[in-house]
Amino acid sequence: IGVVRISLDITERKRAEEALEQRVVERTRQLTAVNEELRKEILERQRAEQALTLFRSLIDHTNDTIEVIDPETGCFLDVNEQACRAHGYTREEYLALTVPEIDSLIGVRPWEETMEEVRRSGSLIIESQHRRKDGSVFPVEVNANYIRLDRDYHVAVVRDITERKRAEEALRQT
């Protein structure tokens, strides 16, 4: 009986397997690093969203009206919930308005002049009158601030001073 011996040289196959294994290890390392970066980015975004939600909630629950205004056009860019409650508008309705439509005294002076004064001084406190959706008017104190970020903003904190005016009138009559 004869013995047949067959031998195959698998050197190339082994090299290919080792090279493939090395590529798998390297790619796994790369994917792990990318996954870690994505995890960090997701956590940062979640924290930012939580902070934004907290800030929005705090702003919406203040007693004063807060308005973010485009200083060039006088259009409202954002308002808090108190602004909507005090004036009787939904947020969408309010954001479709301009300052002269809410502030009955602002039209006495050109908008550009008022904005230039706020820009020059950085802030301005004035008494004025605001008009509600139903047409009624109430006295307010407006603390206007000029803020420059990615663009110019006008931020107004508006306080209803009806009670103060009543008290002042009562003092005058005594």
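Here the structure is shown first, and the text comes after it.
All figures in this text were calculated on a predicted structure; none of them were measured in a lab.

(A) Spotlight on a nonpolar patch on the surface. The grouping of Val34, Leu38 and Ile42 at the surface amounts to a nonpolar patch, some 260 Å² of accessible area in total. Position of Val34 among the secondary structure elements: in helix α1 (residues 11-60). Judged by its relative accessible area of 44%, Val34 is partly exposed.

(B) Local environment of the environment of Arg91. Mapped onto the elements, Arg91 comes out in helix α3 (residues 91-95). Separated by 10 residues in sequence, Arg91 and Glu81 have C-alpha atoms that sit 7.6 Å apart. Among residues more than four places away in sequence, those in contact with Arg91 are Arg56, Asp60, Asp78, Val79, Asn80, Glu81 and Cys84. A polar contact of 3.3 Å, which involves the side chain of Arg91, links it to the side chain of Asp78.

(C) Region of interest: the environment of Leu149. Mapped onto the elements of the fold, Leu149 is located in the loop between β4 (137-148) and β5 (152-160). With 132 residues separating them along the chain, Leu149 and Glu17 place their C-alpha atoms 57 Å apart.

(D) Examining the pairing of β4 more closely. Pairing analysis gives nine bridges linking strand β3 (residues 123-131) to β4, with the strands arranged antiparallel. Within β4, the residue paired with Gln129 across the bridge is Pro139. Counting the residues in the hairpin turn of β3 and β4 gives five residues, including Gly135, whose phi is positive at 95 degrees. Bridge count for β4 against β5 is nine bridges, and the pairing is antiparallel. Across the sheet, Tyr146 pairs through a bridge with His154, a residue of β5. Between the antiparallel neighbours β4 and β5 lie three residues.

(E) Representation of the pattern of salt bridges in the model. Inspection of the entire model under this criterion finds 25 salt bridges. One salt bridge in this structure joins Arg29 and Glu26, with 2.8 Å as the shortest N-O distance. Residue Arg29 and its partner Glu26 are both found in helix α1; the two are separated by three residues, about one turn of the helix. Given the relative accessible area of 48%, Arg29 is considered partly exposed. Take Glu26: its relative accessible area is 32%, and that puts it in the partly exposed class. Among the salt bridges present, the one from Glu93 reaches Lys133, with a minimum N-O distance of 2.8 Å. Highlighted residues: Glu93 in helix α3 and Lys133 in the loop between β3 and β4, separated in sequence by 40 residues. Judged by its relative accessible area of 30%, Glu93 is partly exposed. Linked by salt bridges that have partners in common, Glu72, Glu116, Arg119, Arg120, Arg148 and Asp152 make up one network.

Cut-offs applied
Every chain's residues receive numbers from 1 upward, in the order its sequence appears when written. Predicted model: local features are reported for residues with pLDDT of at least 70 only, side-chain atom pairs are reported and counted for 80 or more only, and whole-chain, interface and lining totals are derived from all residues. As a convention, hydrogens and water are excluded, and side-chain values are obtained from all of the structure's heavy atoms. Patches here are clusters of residues that have more than 30% relative accessible area and form no salt bridge, with a 9 Å joining cutoff for like charges and a 5 Å cutoff for nonpolar side chains (Val, Leu, Ile, Met, Phe, Trp, Tyr). Here the open area of atoms and residues is found with the Shrake-Rupley method and a 1.4 Å probe, where only the protein chains shown may cover a residue. Here a salt bridge means any side-chain nitrogen of Lys or Arg lying within 4 Å of a carboxyl oxygen belonging to Asp or Glu. Where helices and strands are cited, they refer to DSSP runs of H or I of at least four residues and of E of at least two residues respectively, numbered from the N terminus. Buried residues are those whose accessible area, probed at 1.4 Å on protein chains only, stays under 20% of the maximum for their type, while exposed residues exceed 50% and partly exposed ones sit between those limits. Two residues qualify as a contact provided that any one of their heavy atoms is within 4.5 Å of a heavy atom in the partner residue. For the purposes of these results, a polar contact is taken to be a pair of N or O atoms within 3.5 Å, where, inside protein, one atom must be able to donate a hydrogen and its partner to accept one; residues adjacent in sequence count only when each atom of the pair is a side-chain atom. If DSSP finds at least two bridges between two strands, the strands pair.

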